[in-house]
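This is what each chain is made of:
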Amino acid sequence: MHIVVCVKQVPDTKVIKINPKTNTLDRRGVPSIINPYDAHAVQEAVHLKRQHGGKVSVLSMGPPQATAVIKKSIEIGADEGYLISDRAFAGADTLATSYALTKALEKISKTSPIDMVFCGKHAIDGDTGQVGPGIAKRLDIPPITNISAITKVTKDYVELQRKLQDGYAHIRSTLPCLITIEKEINEIEYAPFPNMLKAVNYQPVVWSIDHLEDVDRKQLGLKGSPTVVGKMFAPPKQEGGHRLEGTPEEQVVQLVEVLKEKQYLFHFNKG
Amino acid sequence: MSEEHRGIWVFAEVIDGAIAGVSLELLGAGRELADKLDVPLAGVLLGENITHLSEQLIPYGADEVYIIDDPVLKDYRTEPFLAGMGKLARMYVPEIILYGATPNGKDIASAIATDLKTGLTADCTMLGVDIENRLLEASRPAFGGNIMATILCKKHRPQMATVRPKVMKALQPDPARKGMVLKEKLEMKEAEIRTKVLEIIKGPGKSVDLEGADVIVCGGKGMGDEQAFQLIHQLADTIGASVGGTRDAVEARWISHDHQVGQTGETVTPKIYFAIGVSGAIQHTVGMKNSELIIAINKDPDAPIFDVATYGIVGDARETVPVMIKAFEELLRENEVISHA
Ligand SMILES: Cc1cc2nc3c(=O)[nH]c(=O)nc-3n(C[C@H](O)[C@H](O)[C@H](O)COP(=O)(O)OP(=O)(O)OC[C@H]3O[C@@H](n4cnc5c(N)ncnc54)[C@H](O)[C@@H]3O)c2cc1C
Ligand SMILES: Cc1cc2nc3c(=O)[nH]c(=O)nc-3n(C[C@H](O)[C@H](O)[C@H](O)COP(=O)(O)OP(=O)(O)OC[C@H]3O[C@@H](n4cnc5c(N)ncnc54)[C@H](O)[C@@H]3O)c2cc1C
């Protein structure tokens, strides 16, 4: 079983700062991390490899620094990593991103056919969740999104639990297929020491656009992106309301009065 | 891109045999765009035995309903839905397509965008239109909600967006509205489809009903400790409310993640929302600011939660909440006496 996991390097949105004057992202001092969903995807692929044998590869598109997320994946237990890095890829929206990643996947599969592609449910920076289904469409394999459990794996098909708005669907798909991973699928394990050693010195295979085959440059990067970011602005401020005044008792009395007056009390104790 | 792209479509998602709330909301938003651009608004309905549901779409604002009613569309799967939507979009060339940002809506929209080689804006919370250039202005929170970005798709058609549930408003249904229904066929056999839905299990993932709650009491990190957080439960029990929590309260393990309200939790729109010891970070308020009445208790008079609150109480929640519980208990007892009298 050969699984390829797409891993993206993202700024840690927990510590992100926005310049209030320009409404742009202040990247200074913001650490870059592996997209958390992608880390769970690598972990899940490693679990499957332990049970069923095979190989886990990871693929990332980004600047040379994105090597860090490939090293992180090797720590978790991936066997090999590919980084596609070229100025021509820069400024890609999801359509152009799925195109570039698909070209790399096609190249990888020439030497080592792919049974499953894993993506994260979404990346925490762009946050669209559109890249996975885009790759699947381009590779002409079925996408199954929002996977919270892989319940069965054979050489011809997989059974999956797909999270819905109000429950789960149990799905069977032929292989190859592409799935996108939810965090609840597993817990990231502590990296075994040998993996950490391997990761330190690991150098991924790096491909520029010239290494990829049959590439239509017009579909790459900014040029190949139908969407453009127009303006950035601060989220609309909501209008504040009434401040109640006085001691806690007095404020609560006022509150009860307005709830009565506005006939909101009948919502209480309905359920 | 050609001049012939015309009309605004809404992907009408079917859940449990009825049109999803978000699709009705999108008809409301779509109606406004369609009137501005002077084009018809259509609902697109795919499924098995769903033809009658067109009767739900027209009263909510659709001028047209496109239908493919076929057994292979029984439960949502990307392959047959993509084939159906792709066929309709190529035949009738709409200018704009809107989808709910639900698991299935996002899935189908992403696949179609790649199929039609067009742009797709994700998870929008605001929609506008540049009438002169016929451009959809789809705005979405970015970088963890710290900023809004307007995304445009200038040269490709259709322009597409997924839109968060519960941010647009559905119209009051007008049963007298008339519309046109168009049916198409899907030439796809079950045997060609590579995925099978073995079973659908309703609800076990969500033991907490935040989405349907009329009243929510949400506690934040300001409660101080797990014991004081019990006051949140007590208040909720007193008035029959559901309990919510901020991410920080969840991370402190005072409450489980399925109670979390906000960007990475639930989006809720109850009649009454109590935010207690909640600072009002944007990632929290995106999930609750459309509640009808918001009551905040915070000891910091400058806390941002007061910017979204209808009524604000400045004070220590550990003192105020017990007073509130007592007041509501008395009130409800009085009401009971009155209603039994
Ligand atoms: C503020 C802002 C708003 C944006 N809005 C949109 C928008 O509405 N529509 C749009 O088309 N683009 C948008 N983009 C561009 C988008 O973020 C980039 O195209 C990005 O390359 C991929 O999208 P994503 O981050 O949403 O990934 P997702 O689709 O959320 O990522 C899902 C998975 O795909 C894989 N993946 C994604 N990118 C890579 C990568 N570089 N290398 C390896 N694997 C990867 C990972 O497995 C990841 O978990 C926006 C960008 C910004 C900064
Ligand atoms: C990508 C991303 C996603 C996120 N998603 C979510 C999400 O889905 N939901 C969410 O909630 N957050 C989310 N967050 C976190 C969010 O930014 C805030 O950190 C979080 O909402 C703060 O929680 P809080 O209000 O409970 O805590 P704090 O910000 O610590 O606020 C505590 C408040 O309580 C007040 N207080 C203290 N003591 C008392 C007292 N005795 N009586 C009354 N008031 C008191 C304080 O004045 C303060 O205003 C997200 C963040 C990121 C970066």
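Residues numbered from 1 in each chain as written. Chains lettered and ligands numbered in written order. Predicted model: local features only at pLDDT ≥ 70, side-chain atom pairs only at ≥ 80, totals over all residues. Heavy atoms only, no water.

**Q** It is not clear to me how the overall build of chain B should be interpreted in this structure. Could you clarify?
**A** On a plain count of helices and strands, chain B comes out with nine helices and 18 strands. Each principal axis of the C-alpha distribution contributes one length, and for chain B these read about 65 × 45 × 40 Å. Considering chain B as a whole, with its 341 residues, one finds that 58% of them fall into the buried category. Restricting to contacts in chain B with at least 6 residues of sequence separation, those with at least 24 account for 64%. Of the roughly 13900 Å² of accessible surface on chain B, 49% is carried by carbon and sulfur atoms. Side-chain charges in chain B split into 35 positive and 49 negative, and the spacing between the mean points of these groups amounts to 5 Å. (Helix = DSSP H or I, 4+ residues; strand = E, 2+ residues; numbered from the N terminus. Buried < 20%, exposed > 50% of the residue type's maximum accessible area, 1.4 Å probe, protein only. Contact = heavy atoms within 4.5 Å. Areas by Shrake-Rupley, 256 points an atom, 1.4 Å probe, with all protein chains shown as cover. Lys, Arg positive; Asp, Glu negative; His and termini not counted. Charge placed at Lys NZ, Arg CZ, Asp CG, Glu CD.)

**Q** What is the right way to read the side chain of A:Ser60 from this model?
**A** All names here are of chain A. Inspection of the secondary structure puts Ser60 in strand E6 (residues 55-61). Classification of Ser60 by relative accessible area gives buried; the value is 0%. For Ser60, the contacting residues outside a window of four places in its chain are Val7, Lys8, Gln9, Ala66, Val69, Ile70, Tyr82, Leu83 and Ile84.

**Q** Is there a simple way to think about the nonpolar core in this case?
**A** Generally speaking, nonpolar side chains in soluble globular proteins are found buried as a group. Counting residues in each nonpolar core, the largest one holds 41 residues, and the members touching the most others are A:Leu255, A:Phe268, B:Ile239, B:Phe274, B:Ile276, B:Met324 and B:Phe328. Top element by residues in this core is helix H9 (residues 317-340) of chain B. It accounts for nine residues. For A:Phe268, the contacting residues outside a window of four places in its chain are A:Leu259, B:Val215, B:Ile239, B:Ile272, B:Phe274, B:Phe328 and B:Leu332. Of all hydrophobic cores here, the second largest spans 37 residues; its members include A:Leu48, A:Ile76, A:Ile171 and A:Ile185. (Core = buried A, V, L, I, M, F, W, Y, C linked by side-chain atoms within 4.5 Å.)

**Q** What am I meant to see in the domain arrangement of chain B here?
**A** It is common to give the size of an interface as the accessible area that goes away when the parts come together. Residues and elements named next belong to chain B. Here chain B is partitioned into domain 1 (8-192) and domain 2 (215-340). Distance from the C-alpha centre of domain 1 to the C-alpha centre of domain 2: 35 Å. Between domain 1 and domain 2, the contact holds seven residues from the first and six residues from the second. Roughly 630 Å² of surface becomes buried between domain 1 and domain 2 when both sides are summed, with 44% attributable to carbon and sulfur atoms. Run the count over domain 1 and domain 2 and you get zero salt bridges. Applying the counting criterion to the domain 1 and domain 2 interface returns zero residue pairs in polar contact (both at pLDDT 80 or more). In terms of residue class, the side of domain 1 that touches domain 2 is made up of two nonpolar, three polar and two charged. (Domains from an automatic or database assignment. Buried area = accessible area lost by both parts, 1.4 Å probe. Salt bridge = Lys/Arg side-chain N within 4 Å of Asp/Glu carboxyl O. Polar contact = N/O pair within 3.5 Å; in protein donor to acceptor, adjacent residues only side chain to side chain. Nonpolar A, V, L, I, M, F, W, Y, C, P; charged D, E, K, R; others polar.)

**Q** In this structure, what is going on with the sheet that holds strand E13 (residues 205-207) of chain A? I would like to understand it.
**A** Within a sheet, neighbouring strands are paired by backbone hydrogen bonds and run either parallel or antiparallel to one another. Read across the open sheet, the ten strands follow the order E13(A)-E7(A)-E6(A)-E1(A)-E8(A)-E12(A)-E9(A)-E10(A)-E11(A)-E13(B); overall the sheet is mixed. Because the sheet does not close on itself, it has two edges, and the strands there are E13 of chain A together with strand E13 (195-202) of chain B. Recorded for the sheet is a direction-independent mean angle of 30° between the axes of neighbouring strands. Bridge count for strand E9 (residues 143-153) of chain A against strand E10 (residues 157-164) of chain A is five bridges, and the pairing is antiparallel. In the sheet register, A:Ile147 faces E10(A), and the bridge partner there is A:Arg162. Running at roughly 150° to strand E8 (residues 116-120) of chain A, helix H1 (residues 36-52) of chain A makes contact with strand E1 (2-6), E6, E8, E9 and strand E12 (177-181) of chain A of the sheet. (Pairing = 2+ DSSP bridges. Axes fitted to C-alpha atoms, helices over the stretch in contact; angles between N-to-C directions.)

**Q** Got a minute to help me understand the site of ligand 1 in this structure?
**A** Residues in contact with ligand 1 amount to 32 residues; listed here are only the nearest, A:Cys6, A:Lys8, A:Asp38, A:Thr94 and A:Thr128. A:Gly129 is positioned with one of its backbone polar atoms (N or O) 2.7 Å from an oxygen atom of ligand 1. Protein chains bury 91% of the 920 Å² of accessible surface belonging to ligand 1 in isolation. Where the shell around ligand 1 is concerned, the elements lending two or more residues are E6, helix H3 (94-111) and E8 of chain A together with strand E7 (120-124) and strand E9 (135-142) of chain B. Per-class residue counts for the shell around ligand 1 are 14 nonpolar, twelve polar and six charged. (Near = heavy atom within 4 Å.)

**Q** Sorry, what's going on with the environment of B:Pro94 here?
**A** Residue and element names in this part refer to chain B. Tracing the backbone through its elements, the reader meets Pro94 in the loop between helix H3 (78-92) and strand E6 (96-100). On the basis of relative accessibility, which here comes to 1%, the residue Pro94 falls in the buried class. Between the C-alpha atom of Pro94 and that of Phe274, which follows or precedes it by 180 residues, the distance is 43 Å.

**Q** I'm lost on the site of ligand 2 in this one. Help?
**A** In the region of ligand 2, 27 residues are neighbours, and B:Lys221, B:Thr246, B:Thr264, B:Ser279 and B:Asn298 sit closest. The environment of ligand 2 is shared, with nearby residues belonging to chains A and B. In this structure, B:Lys221 approaches ligand 2 through a main-chain N or O atom, which is 2.6 Å from an oxygen atom. Note that an oxygen atom of ligand 2 is positioned 2.7 Å from one of the side-chain N or O atoms of B:Ser279. Isolated, ligand 2 exposes 990 Å² of accessible area, and the fraction of that covered by the protein chains is 83%. When residues of the shell around ligand 2 are traced back to their parent elements, those giving at least two are helix H6 (247-251) and helix H7 (282-285) of chain B. Residue classes in the shell around ligand 2 are distributed as four nonpolar, 16 polar and seven charged.

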